[in-house]
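An overview of the molecular structure
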Amino acid sequence: MSYDSPETLAAFAERHTITFPLLSDPGSKTIDAWGLRNEASRGREAGIPHPGTFVIDRSMTVVERAFEQAYQERSTAAGILARIGGAVAPAAPANITGGQLTAILGVSDPTAAPGQRVTLIIDITPKPKMHVYAPGQEGYIPLSVTLDPSVDFKSQPTKFPAPGTYFFAPLKETVKVFDKPTRITQDVTLGLSADLRRRATAKETLVITGSLNYQACDDKVCYRSETVPLAWSLTLTPFIR
């Protein structure tokens, strides 16, 4: 939805091959009714909303909303779905193997523009009869994801699903674990620097690196903690205005 005229939206949709409906809101009446008007905008931009996305389910209930502070920064549709636990198959998947688990790395979007917020995906599967410790579990080394610092993006906190529990009879302790296939997500917003825009114009590849750290146990042995290198690749594309 935009305050632009139907003619402007039709031209924009044709230029960028957009096939979903674009809604015109003349006078920003719906934008105001939803409390989305950017009050700081003046002149030609008066009436524009803060950029954002609402996710509505089949019962017409709003189940998620995603808004950014800067108008140049936008969440992708696939990134939002991955963030709320939607059945999103990771793009550009890559397999990695640790001593006690396997993982598939992927991204919500194989291509991204400067300012876009995408989701890095790690689908881990502990090996049979193995479990790894969930964040917050004391006394063991919990599962964690660390991204290598870069000026090309800013990252959000890693998101983990609710863990299961495991009762270790010899010590009579119950611990928080992941012992089944588990999806971990990490949101990153690509930067808006002149250098990254130049690289996007040239359709270069952005590689994001990091590491996965965990400690695994079975019903008899607790293994040494392990650090596994991670890498995701995104094809950069120019920012669309």
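Residue positions are given per chain, counted from 1 along the sequence in the order it is written. Totals for whole chains, interfaces and linings use every residue, but because this is a predicted model, local features are given only for residues with pLDDT of at least 70 and side-chain atom pairs only at 80 or more, for both listing and counting. The basis for every side-chain value is the complete set of heavy atoms in the structure, and neither hydrogens nor water enter the calculation.

One side-chain nitrogen of Lys or Arg within 4 Å of one carboxyl oxygen of Asp or Glu is enough to make a salt bridge. Inspection of the entire model under this criterion finds 8 salt bridges. One salt bridge in this structure joins aspartate 123 and arginine 183, with 2.7 Å as the shortest N-O distance. With aspartate 123 in strand E7 (residues 116–126) and arginine 183 in strand E13 (residues 182–190), this pair connects stretches of sequence that are 60 residues apart. A relative accessible area of 19% places aspartate 123 in the buried class. A relative accessible area of 25% means that arginine 183 is categorised as partly exposed. For arginine 199, the salt bridge goes to glutamate 204, with nearest N and O atoms at 3.3 Å. Taking the relative accessible area as the measure of exposure, arginine 199 reaches 13% and is therefore buried. In this structure, a network of salt bridges that share partners links the residues Asp152, Asp195, Arg198, Arg199 and Glu204. A run of H or I in DSSP becomes a helix once it reaches four residues, and a run of E becomes a strand once it reaches two; helices and strands are each numbered from the N terminus. Whether a residue is buried, partly exposed or exposed follows from its accessible area with a 1.4 Å probe, protein chains only, as a fraction of its type maximum: under 20%, in between, or over 50%, in that order.

Counting buried positions over the 9 residues of E13 gives 8, a clear majority of the element. Two strands are said to pair when DSSP picks up at least two bridges between them. When E7 meets E13, the two strands line up antiparallel, connected through 8 bridges. Along E13, the bridge assignment pairs threonine 119 with aspartate 187.

What follows covers unusual backbone geometry. Of note in the backbone geometry, serine 28 takes a positive phi value of approximately 55° without being a glycine. As for its position among the elements, serine 28 is in the loop between helix H1 (6–15) and helix H2 (29–33). The buried category is assigned to serine 28, whose relative accessible area is 2%. The phi angle at methionine 60 is positive, at roughly 70°, despite the residue not being glycine. Along the chain, the position of methionine 60 falls in the loop between strand E1 (52–56) and strand E2 (62–67). Judged by relative accessible area, which is 66%, methionine 60 ranks as exposed.

Turning our attention to the sheet that holds strand E11 (residues 164–168). Spatial ordering of the open sheet is given by E11-E12-E8-E15, a layout of 4 strands whose pairing is antiparallel. Only two strands of the sheet have a single neighbouring strand rather than two, namely E11 and strand E15 (216–217). The pairing of E11 with strand E12 (residues 173–178) spans 5 bridges and is classified as antiparallel. Following the sheet pairing, glycine 164 is matched in E12 by valine 177.

What follows concerns the sheet that holds strand E14 (residues 205–214). Here 4 strands make up an open sheet; going across it, the order is E6-E16-E14-E9 and the pairing mixed. If you trace the sheet from one side to the other, it starts and ends with strand E6 (111–112) and strand E9 (144–147), each paired once. Direction of pairing for E9 relative to E14: antiparallel, over a ladder of 4 bridges. Counted as the bridge partner of valine 145 is leucine 212 from E14.

To continue, consider the state of the cysteines. In this description, a disulfide is simply a cysteine sulfur pair whose atoms lie within 2.5 Å. What the rule picks out here adds up to 1 disulfide. Between cysteine 217 and cysteine 222 runs a disulfide, and the two sulfur atoms are separated by 2.1 Å. Disulfide cysteine 217-cysteine 222: torsion about the S-S bond near 105°, hence right-handed. By relative accessible area, which is 1% here, cysteine 217 ends up buried. Residue classification places cysteine 222 among the partly exposed positions, given a relative accessible area of 43%.

Before going further, it helps to examine the side chain of aspartate 187. Examined against the element boundaries, aspartate 187 turns out to sit in strand E13. A polar atom in the side chain of aspartate 187 sits 3.2 Å from the side chain of arginine 117. By definition in these notes, contact holds between two residues if any of their heavy atoms fall within 4.5 Å. Not counting chain neighbours up to four residues away, the residues in contact with aspartate 187 comprise Arg83, Arg117, Val118, Thr119, Lys154, Ser155 and Gln156. Polar contacts, as counted here, are pairs of nitrogen or oxygen atoms within 3.5 Å of one another; within protein the pair requires one atom able to donate a hydrogen and one able to accept it, and residues that are adjacent in sequence qualify only if both atoms are side-chain atoms.

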